[in-house]
Amino acid sequence: QVQLEESGGGLVQAGGSLRLSCAASEGTLSSYSVAWVRQAPGKERELVSCVNSDDSNSYSINSVKGRFTISRDYTKNTVYLQMNSLKPEDTAVYYCAAARGWGPRLMKISAYADWGQGTQVTVSS
């Protein structure tokens, strides 16, 4: 297992940018596929983007394509989510989560067992 900690959230105006970080405080994150998942008030959790262990495959939902980029830094045991051109509808608590392997099942949040505590992103209009 890995223990995950998110950081980098905050309050920004529409059109602004944030970079979220997901760091493993225990365990080696390079052995895992990692996802960013968000939950807006009154809404179900939504998988936003994910990347496999060797950074050879990634996936993002259509609403963030061209705006969000997932990446990883193996020397820092960290995965990032760069968020540009933010919109009010991006407002949510953002979580990172980890799972072994790679395949169609990892496009769904039910595949992930290890979760961080979440970081709040608020985009004002």
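Just above sits the structure.
Summarised in this report is the structure supplied together with it.

## Section: the pairing of strand 7 (residues 68-73)
Because side chains alternate across strand 7, one face comprises the buried residues F68, I70 and R72, and the other comprises T69, S71 and D73, none of which is buried. The pairing of strand 7 with strand 8 (residues 78-83) spans six bridges and is antiparallel. When the bridges of strand 8 are listed, D73 appears paired with T78. Joining the antiparallel neighbours strand 7 and strand 8 is a turn of four residues, in which N77 adopts a positive phi near 55°.

## A look at the nonpolar core
Ranked by size, the top nonpolar core spans 27 residues in total, and within it L4, L29, W36, F68, L81, M83 and Y94 carry the most contacts. Those elements that provide at least two residues to this core are strand 3 (18-26), strand 4 (33-39), strand 5 (46-51), strand 7, strand 8, strand 9 (92-99) and strand 11 (119-124). Leaving out residues up to four positions away in the same chain, F68 has contacts with R38, V48, L81, Q82, M83, N84, L86, D90 and Y94. Counting residues in hydrophobic clusters, the runner-up holds nine residues, among them L47, A99, L106 and Y112.

## What about the state of the cysteines?
Applying the stated criterion to the full structure yields one disulfide. Bridging C22 to C96, the disulfide has an S-S length of 2.1 Å. Sign of the S-S torsion, about 70° for the bond between C22 and C96, identifies this disulfide as right-handed. Of this pair, C22 sits in strand 3 while C96 sits in strand 9, and the two are 74 residues apart along the sequence. Take C22 and C96: they sit in the same class, and that class is buried. You can see C50 has no disulfide; the closest cysteine sulfur is in C22, sitting 13 Å from it. On the basis of relative accessible area, C50 is assigned to the buried category, the value being 0%.

## Remarks on the sheet that holds strand 3
Across the sheet, which stays open at both edges, the four strands sit in the order 1-3-8-7 with antiparallel pairing between neighbours. Whereas interior strands pair on both sides, the edge strands pair on one side only; in this sheet they are strand 1 (3-7) and strand 7. Taken over all neighbouring pairs, the strand axes of this sheet differ in orientation by 20° on average, direction set aside.

## Observations concerning the packing of aromatic side chains
Under the criterion given, the structure shown has one aromatic pair. Of note, R100 hangs over the ring of Y32, and the distance from its end group to the ring centre comes to 4.3 Å.

## Brief notes about the pattern of salt bridges
Under the defined criterion, the tally for this structure stands at three salt bridges. Between R38 and E46 there is a salt bridge whose closest N-O contact spans 3.0 Å. By relative accessible area, which is 8% here, R38 ends up buried. Bridged by salt links that share partners, the residues R38, E46, R67 and D90 form one connected network.

## Quick word on the environment of E89
Positionally, E89 belongs in the loop between strand 8 and strand 9. Exposure remark for E89: the relative accessible area of 56% places this residue in the exposed category.

Scoring rules and cut-offs
- Residues numbered from 1 in each chain as written.
- Predicted model: local features only at pLDDT ≥ 70, side-chain atom pairs only at ≥ 80, totals over all residues.
- Heavy atoms only, no water.
- Buried < 20%, exposed > 50% of the residue type's maximum accessible area, 1.4 Å probe, protein only.
- Helix = DSSP H or I, 4+ residues; strand = E, 2+ residues; numbered from the N terminus.
- Pairing = 2+ DSSP bridges.
- Core = buried A, V, L, I, M, F, W, Y, C linked by side-chain atoms within 4.5 Å.
- Contact = heavy atoms within 4.5 Å.
- Disulfide = S-S within 2.5 Å.
- Axes fitted to C-alpha atoms, helices over the stretch in contact; angles between N-to-C directions.
- Phe/Tyr/Trp six-rings, centres within 6.5 Å; stacked < 30°, edge-to-face > 60°.
- Lys NZ or Arg CZ within 6 Å of the ring centre and 35° of its normal.
- Salt bridge = Lys/Arg side-chain N within 4 Å of Asp/Glu carboxyl O.

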